[in-house]
Amino acid sequence: MNKKNRELMIGVIIIAGLWYLLSFTIGNRLIPFPHDVLSVMLQLIGKGNLLLHALFSLLRLSAALLAAVLPALPLGIITGISPGFDRFFSPVLYLLYPLPKIAFLPIFMVLFGLGDLSKILLLWTVIILQLLIAVRDGVRSIPTEYHRAAETLGLNRMKRFWKLYMPSTLPSLFSALRISVGIGMAVLFFAENYATSYGLGYFIMNSWVMINYPMMFAGILVLAILAFLILTFLDWLQKIICPWES
Amino acid sequence: MVRIQNLTHTYSSSRGIFDITLDIPAFQTRAVIGPSGCGKSTLLHLVAGLLEPDSGSVQTGEGKPVKTGLVQQKDALYPWLSALDNVLLGVNGKKREHLEEAMTLMDELGVAETADRYPAQLSGGERQRVSLARTLILKPDLLLLDEPTASLDDFSKEVLQNLLLRIQLNKPVTTLFVTHSLEEALFLGQEILIMSEGKIHRTHRNSLYPDPEARDHKDFYQEVLNLRESLKAAV
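Report follows, based on the coordinates. Keep in mind it's a predicted model, so treat the numbers as computed, not measured.

## Considerations on the overall build of chain B
Within chain B, the regular secondary structure consists of seven helices and nine strands. Here the C-alpha radius of gyration of chain B, 18 Å, is about what a compact globule of 235 residues would show, namely 18 Å. For the C-alpha atoms alone, the extent of chain B along its principal axes is close to 50 × 45 × 30 Å. Out of the 235 residues belonging to chain B, those deemed buried represent 54%. For chain B, restricting intrachain contacts to residue pairs at least 6 apart in sequence, the fraction spanning at least 24 positions comes to 68%. Here chain B contributes 25 positive and 31 negative side-chain charges, whose respective centroids are spaced 3 Å apart.

Here it is in structure tokens:
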């Protein structure tokens, strides 16, 4: 077993240990034992329906992340390099960033319907502001020497964008994406509680309402595994896109 | 020839550079020394076009704009580009067309084998040599060096200094460089300009230049002491 897998195994053992401790102290009717949850989860996966719920959640989150990254990169870079644009755009960012976007859910439902679009857009509003701020700060933290080099080497705007601004912001963008996955999962859980019968949020809440705690915990476990896989994928992607970091 | 005329840039009434006039004949080297804050780097940044002068100009002898190339104290290689891509960064046109030229230059500077490596995988001396190649490939009228060896260990420093002298002897480039090291100024500068409080106070003709073996002679160190006295007198 390599070092990474060993570390992962230790993490799983610690979580399982804490989980068992809670099950024993609080009672396994409220917090079922991990092995019971695992057994339910495997049964549900075998039937295919839990995977379908996970797939719906994954698609919604991926769509929102992708739709946020594409405009956040150029907009964040422009905000970072242009003091004029920054002067009017950053206050807008700061005003919108702390707003509880979930409160606008009824408006999203009216404007974009009850389907996936309103759920993805709700997620998008939460994620994009975070990415914009990360990209802007990434550009701002470019060392002065790099700007001087660009100036004295005569790099034009396009070359500066592709050779300086874009690569310099990628590490901050990936950090923000990782944070967004956690926040996105929480928002998704909320958004999947209306007008849908697919998604992990729906599955977990439905199990809760039916007072089926092993099933509810199985849903939570799949949600955690899904987030773990997305974060691992982002780590891998960062290594591919930013090879100079390793 | 590069002609710097009445160059002034003030930060305050006592800080900046004031009315500097200097001619650098083609393919000659001028070293600038002086205490910290005397305006050495400001002069270099003004000549490089990184700062706007309050007044004055930097032109060729024919009155044309000067194409400058700057090697900074911190090498400023882009960490996400390989050494070769860093060298090709300022080159316009297709990368393929300049590949051979870049590799030849890197070979001359002893960094050809680092072409595919990222800057983080290079030593300080190698990074500075790649940075020099990145500037030289653009064939500047005037090469500006801002304390290029300041962040290097003694061995790398000597390697880079020898390399710079070899360039001056084999493929001369008009050069203006700033240094804190009197030894470096005497090893590489045909004339040494002593700066203080934003002005050039004295010009020291270097009779030992160019001698790759200069550092092995006693005269060299006597000259360092003379230069130190001149510097003290100016400050």
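## Topic: the overall build of chain A
Within chain A one finds 10 helices and zero strands. Listing every helix and strand of chain A by position from the N terminus yields α-α-α-α-α-α-α-α-α-α. Once the C-alpha set of chain A is aligned to its principal axes, its extents read approximately 70 × 50 × 30 Å. The long-range fraction of contacts in chain A, counting pairs at least 24 apart against all pairs at least 6 apart in sequence, stands at 73%. A total accessible area of about 13200 Å² is found for chain A, and carbon and sulfur atoms account for 73% of it. Taken as two groups, the 18 positive and 10 negative side-chain charges of chain A have centres that lie 2 Å from each other.

## Topic: the pattern of salt bridges
Residues and elements named next belong to chain A. Summed over the entire model, instances satisfying the criterion amount to 14 salt bridges over all chains. Across the pair E192 and R60 runs a salt bridge whose closest N-O atoms are separated by 2.7 Å. One end of the pair, E192, is in the loop between α8 (157-191) and α9 (200-209); the other, R60, is in helix α3 (residues 49-81), and 132 residues separate them in sequence. Exposure class is identical for E192 and R60. Each is buried. A salt bridge links D137 to R136, with the shortest nitrogen-to-oxygen separation between them at 2.9 Å. Take D137: its relative accessible area is 34%, and that puts it in the partly exposed class. Residue classification places R136 among the buried residues on the basis of a relative accessible area of 2%.

## Focus on the sheet that holds strand β2 (residues 16-24) of chain B
Adjacent strands of a sheet pair through backbone hydrogen bonds, lying either parallel or antiparallel. Residue and element names in this part refer to chain B. Taken in spatial order, the three strands make up an open sheet running β2-β1-β4, and their pairing is antiparallel. Among the strands making up the open sheet, the edge pair consists of β2 and β4 (55-60). Averaged over all neighbouring strand pairs, the angle between strand axes comes to 15°, with direction disregarded. Each of β1 (2-10), β2 and β4 touches helix α1 (residues 40-48); the most contacted strand, β1, lies at about 120° to it.

## Section: the interface of chain B and chain A
Between chain B and chain A, the contact holds 21 residues from the first and 16 residues from the second. Here chain B packs against chain A, burying approximately 1800 Å² in sum over the two surfaces, 65% of which is carbon and sulfur. Here chain B is connected to chain A by zero salt bridges. Run the count over chain B and chain A and you get six residue pairs in polar contact (both at pLDDT 80 or more). Mapped by element, the contributors of at least two residues to the side of chain B that touches chain A are α1 and β5 (68-71) of chain B.

Cut-offs used in this document
Residues numbered from 1 in each chain as written. Chains lettered and ligands numbered in written order. Predicted model: local features only at pLDDT ≥ 70, side-chain atom pairs only at ≥ 80, totals over all residues. Heavy atoms only, no water. Helix = DSSP H or I, 4+ residues; strand = E, 2+ residues; numbered from the N terminus. Rg over C-alpha atoms; globule rule 2.2 N^0.38 Å. Buried < 20%, exposed > 50% of the residue type's maximum accessible area, 1.4 Å probe, protein only. Contact = heavy atoms within 4.5 Å. Lys, Arg positive; Asp, Glu negative; His and termini not counted. Charge placed at Lys NZ, Arg CZ, Asp CG, Glu CD. Areas by Shrake-Rupley, 256 points an atom, 1.4 Å probe, with all protein chains shown as cover. Salt bridge = Lys/Arg side-chain N within 4 Å of Asp/Glu carboxyl O. Pairing = 2+ DSSP bridges. Axes fitted to C-alpha atoms, helices over the stretch in contact; angles between N-to-C directions. Buried area = accessible area lost by both parts, 1.4 Å probe. Polar contact = N/O pair within 3.5 Å; in protein donor to acceptor, adjacent residues only side chain to side chain.

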